[in-house]
Amino acid sequence: MNLLLLKQISLISIFAGAILGFITIVPYLSFLSFMLLIICLSAFVIVYLKQNDLIGIISVREGCIFGALVGFVSFIAFSVVYTPLSMLLGWLFPAYTQGFLRFFLTSFGSFVVMVLLMILMAGISALFNAFSGLVTAYVYELITGVKKENNQNSSIDFEIK
């Protein structure tokens, strides 16, 4: 794997997760943005990278790995942005508090449980986004008709101009 490409994907995922964390605060958009984050954000990231020629031909396996990376990193970034904002809004406007976040304001043990739940949900997001990335890479293989060979050892398949 190309380390530069993994860093680029991680940065794009952090940015997308943070943006979706801000959007999820809006009550009418929260369900849609959360489902986008959990299920299919990796497809959008891979399509963005392909359209801007940041990645070349990727195999189905690489699509799965990229999707899992996007899912995990973006959910951690989402949690880092969404949780403090939601708690702050819960303190300012007590009628706003979203679901179980009111429970986690009480003790350090509750904070540990919240962090463990975030990591668990990030793992679930990685699984769903891995499948989404796999499907995206497979669809690109079907559309273009070009398949990456298994014996290609060059992981650099983009041009620096």
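Right above here is the structure, for reference.
Residues numbered from 1 in each chain as written. Predicted model: local features only at pLDDT ≥ 70, side-chain atom pairs only at ≥ 80, totals over all residues. Heavy atoms only, no water.

**Observations concerning the overall build of the protein**
So the rule is basically this: Secondary structure counts use DSSP, requiring at least four H or I residues in a row for a helix and at least two E residues in a row for a strand, with both numbered from the N terminus. Exposed residues in this analysis have more than 50% of their type's maximum accessible area, buried residues have under 20%, and partly exposed residues fall in between, with area computed by a 1.4 Å probe over protein chains only. Contacts: residue pairs with any heavy atoms within 4.5 Å of one another. Per-residue and other accessible areas follow the Shrake-Rupley method at a 1.4 Å probe size, with only the shown protein chains counted as cover for residues.
Assigned secondary structure in the protein consists of four helices and zero strands. Traced from its N-terminal end to its C-terminal end, the protein shows the element sequence α-α-α-α. When each of the 161 residues of the protein is scored for burial, the buried share is 40%. Taking contacts inside the protein between residues at least 6 apart in sequence as the whole, the part at least 24 apart equals 75%. In the form shown here, the protein has an accessible surface area of approximately 9800 Å², with 74% of it arising from carbon and sulfur atoms.

**Concerning helix α1 (residues 3-23)**
Using the following cut-off: A helix is expected to span 1.5 Å multiplied by its residue count minus one.
Along its 21 residues, α1 runs 30 Å from first to last C-alpha, staying within 8% of the 30 Å computed at 1.5 Å per residue. Regarding α1, the residues found buried are Leu 5, Ile 9, Ser 10, Ser 13, Ala 16, Gly 17, Ala 18, Leu 20 and Gly 21. Packed against the buried residues of α1 are α2 (30-51) and α3 (60-92).

**So, the nonpolar core**
Generally speaking, nonpolar side chains in soluble globular proteins are found buried as a group. As a reminder of what qualifies: Buried Ala, Val, Leu, Ile, Met, Phe, Trp, Tyr and Cys residues that are joined via side-chain atoms within 4.5 Å together make up what is termed a nonpolar core.
Among the nonpolar cores identified, the biggest contains 20 residues, and Ile 9, Leu 37, Leu 41, Ile 55, Ile 58, Phe 66 and Phe 75 are the most heavily contacted of them. Sorting the residues of this core by element identifies α1, α2, α3 and α4 (108-144) as the ones contributing at least two each. Here this core takes six residues from α2, the largest share from any one element. Ignoring sequence-local partners within four residues, the contact set of Phe 75 consists of Phe 34, Leu 37, Ile 38, Met 118, Met 121, Ala 122 and Ser 125.

**What about unusual backbone geometry?**
Within the chain, Asp 53 stands out as a residue other than glycine whose phi angle is a positive 55°. By secondary structure assignment, the location of Asp 53 is in the loop between α2 and α3.

**Quick notes on the packing of aromatic side chains**
The test is simple: Note on aromatic contacts: the rings of Phe and Tyr and the six-membered ring of Trp form a pair at centre separations within 6.5 Å, being stacked when their planes are under 30 degrees apart, edge-to-face when over 60 apart, and tilted otherwise.
In the structure shown here, the tally under the stated rule is four aromatic pairs. Aromatic side chains Phe 34 and Phe 78 sit 5.7 Å apart centroid to centroid with 50° between the ring planes, which places their arrangement in the tilted category. A residue pair is termed long-range when its members are at least 10 positions apart, and Phe 34 in helix α2 and Phe 78 in helix α3 qualify at 44 residues. Ring-pair connections join several aromatic residues into one group, and the members of that group are Phe 34, Phe 75, Phe 78 and Tyr 82.

Interpretation note: all reported values are geometric properties and have no functional meaning in isolation.
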